Amino acid sequence: MGAVAGAAGLALLLVSTRYGFQGDELYFLGAGQHLDWGYADQPVLLPLLAHGIDAVTGGSLFALRLLPVLLTVAGALVAALIAREFGGERRAQVLTAAAYGFAPAVLISGHALSTMALDLFLWTAVNWLLIRWVRTREDRLLLYAGLATALALQGKYLIVGFWAVLAVCLFVVGPRDLLRRKALWLGAAVAAVTSLPGLIWQARNDWPQLEMSQVLADEGILGGRAGFLPYLIVLSGGVFTVVLVYGLIRLLRSPQLAPYRFLAWTFLGLTAVFLVTGGRPAYVVGAFAPLWAAGAVELARGGGARWWRWLATWPVVALTALVCVALSLPVYPVSQVTKTEQPKNNPMTAETLRWPHLIDAVDKANKALPAAERKRAVVVTQYYQEAGAVDHFGPDRDLPPAYSGHRGYWYFGAPADSSGPVLYVGSDVAKLKPYFTKVRKAATAAGGPGESFVDGVPVWILEGRTTPWSTIWPDYGHLS
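Everything numeric here is computed off the predicted structure, so don't read it as measured data. (Residues numbered from 1 in each chain as written. Predicted model: local features only at pLDDT ≥ 70, side-chain atom pairs only at ≥ 80, totals over all residues. Heavy atoms only, no water.)

Another aspect to go through is the overall build of the protein. Across its full length, the protein holds 23 helices and five strands. Scaling as 2.2 N^0.38, a compact globule of 480 residues should have a C-alpha radius of gyration of about 23 Å, and the protein matches this with 24 Å. Seen through its principal axes, the protein has C-alpha atoms that stretch 75 × 50 × 40 Å. Counting the 480 residues in the protein, one finds 55% classified as buried. (Helix = DSSP H or I, 4+ residues; strand = E, 2+ residues; numbered from the N terminus. Rg over C-alpha atoms; globule rule 2.2 N^0.38 Å. Buried < 20%, exposed > 50% of the residue type's maximum accessible area, 1.4 Å probe, protein only.)

Following this line, the structure appears as structure tokens:
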């Protein structure tokens, strides 16, 4: 299983610096320059980690992405340990590690620094600790689960939903005595106390995280509710989907796995909750590992129909892993990607390739200003990713500091009232026009519109501000 986990890690390492930064990574780096107890869209951990890695390595993309690679490898090993807890021998453990390490959801999250990469590992670790407790009744494991939950809550609040659904399932199908263990509630207390600073920040800022959840649901990404289950199948990955579905069935029906039946119901409950509330399919991927493990163990024991067992043979598993890598990771040469329709079909790929175009356009607009005015200029962007890009790449071009009213960047503060011209990046310049006497388009990012939100974006010069930024900014913020 170590070799399989290592192979997944190697695949991620080989493409870790392709094709460039993702927008959220640039946001984490920007947020790291404005460290706080909380943010509009997440707790503090990812900005803190990004800031630390950036400070130590000087902006290395490889270093920034090394952490999600390590989390992916560790997650595959922990998933294999779950198979061992279920009684699986080496074959079952290796199959579980392969399913975890090469599933599209895990590869995508492991390629870039993201809240999902952290969540997947910590949810898997919590599941393993709970499963081991069921077998051994060692209460210290529940305390460790609480500590893992406390860490997860510093990256994302989704694990609260996991525990809520889990508690209901434990009460209904057992083992109910888990809910009566002091170690469980001590761990819960630790998680609650360590989350207080972030929750206080949310309360003081009118709970933007709740509004952000609704914004994400309204975006209807990946087909919204209609696409939830199909995309969930895609995220689990071909043959690995078969293993997962079989594991779900066996957790619900197998006498040997009966003590762990609550895990199957927890997965089903989470799926129902996020489906109804408009959550994203990726939100339930953290509950995949026990299903993969159960499916692998049962298949290794000779269970399932004959065609299921053939699908789980090593040649098929290896082929599935290669296909998942090809579909999930940036393995194609940049020249091939830019000559095909892939950027239009994959906005995330297009985004990572297009930041130089954006910076070139902002630089061109900046150079159109008189030298004296450049010292007083600021950049304001329509989207937070653009602000992150200017903040990260801008110093090399001597660009002004970046601001944005979008999502977390709005909370970082407004330009100074004493600032001068604005280089506005975006198509919705009409929102700021009333506050300026002169507005002109100065540059356009290369690339045709529609390939990514970066391509073809205009850069405007706004001069003659009539209203202080301190008056404009309070009503300028937006999450959508």
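Before going further, it helps to examine the environment of Trp 133. Relative to the helices and strands, Trp 133 is located in helix H7 (residues 115–136). Trp 133 sits 325 residues away from Pro 458 along the chain, and the two C-alpha atoms are 57 Å apart. If we skip the residues at most four places from it in the chain, Trp 133 touches Glu 138, Asp 139, Leu 141, Leu 142, Pro 175, Asp 177, Leu 178 and Arg 181. (Contact = heavy atoms within 4.5 Å.)

The next thing to look at is the environment of Gly 224. Along the chain, Gly 224 turns up in the loop between helix H11 (208–219) and helix H12 (228–236). In this structure, the C-alpha to C-alpha distance between Gly 224 and Pro 281, residues 57 residues apart in sequence, is 9.2 Å.

The subject of this paragraph is a nonpolar patch on the surface. A cluster of nonpolar side chains, contributed by Val 168, Phe 171, Val 172, Val 173, Trp 265 and Leu 268, occupies part of the molecular surface with about 560 Å² of accessible area. Broken down by secondary-structure element, the contributors of at least two residues to the nonpolar patch are helix H9 (159–173) and helix H14 (261–277). Relative to the helices and strands, Leu 268 is located in helix H14. With relative accessibility at 31%, the residue Leu 268 sits in the partly exposed group. (Patch = residues over 30% accessible without salt bridge, like charges linked within 9 Å, V, L, I, M, F, W, Y side chains within 5 Å. Areas by Shrake-Rupley, 256 points an atom, 1.4 Å probe, with all protein chains shown as cover. Salt bridge = Lys/Arg side-chain N within 4 Å of Asp/Glu carboxyl O.)

In the numbering adopted here, UniProt assigns the feature "transmembrane region" (unreviewed entry) to residues 62–82, 94–123, 143–172, 184–203, 228–248, 260–276 and 312–332. The span residues 228–248 is 90% helix and 0% strand, and its two end C-alpha atoms sit 18 Å from each other. Between the end C-alpha atoms of residues 260–276 there is a gap of 25 Å, over a span that is 94% helix and 0% strand. (UniProt positions renumbered as here; feature names shortened; annotations may be inferred.)

All right, on to the packing of helix H8 (residues 140–153) against helix H10 (residues 182–204) then. Relative to each other, H8 and H10 sit at 20 degrees, their axes nearing to 7 Å. Taken together, H8 and H10 sit at an angle that is classed as roughly parallel. Crossing hand, H8 versus H10: right-handed. Judged by residue contacts, Leu 142, Leu 143, Gly 146, Leu 147, Thr 149, Ala 150 and Leu 153 of H8 engage Ala 183, Leu 184, Leu 186, Gly 187, Val 190, Ala 191, Thr 194 and Ser 195 from H10. (Axes fitted to C-alpha atoms, helices over the stretch in contact; angles between N-to-C directions. Parallel < 35°, antiparallel > 145°, perpendicular 65-115°, else oblique. Left-handed = near helix turned anticlockwise from the far one by under 90°.)

As recorded in UniProt, the sites labelled "domain: Glycosyltransferase RgtA/B/C/D-like" (unreviewed entry) are residues 41–201. Between the end C-alpha atoms of residues 41–201 there is a gap of 12 Å, over a span that is 81% helix and 0% strand.

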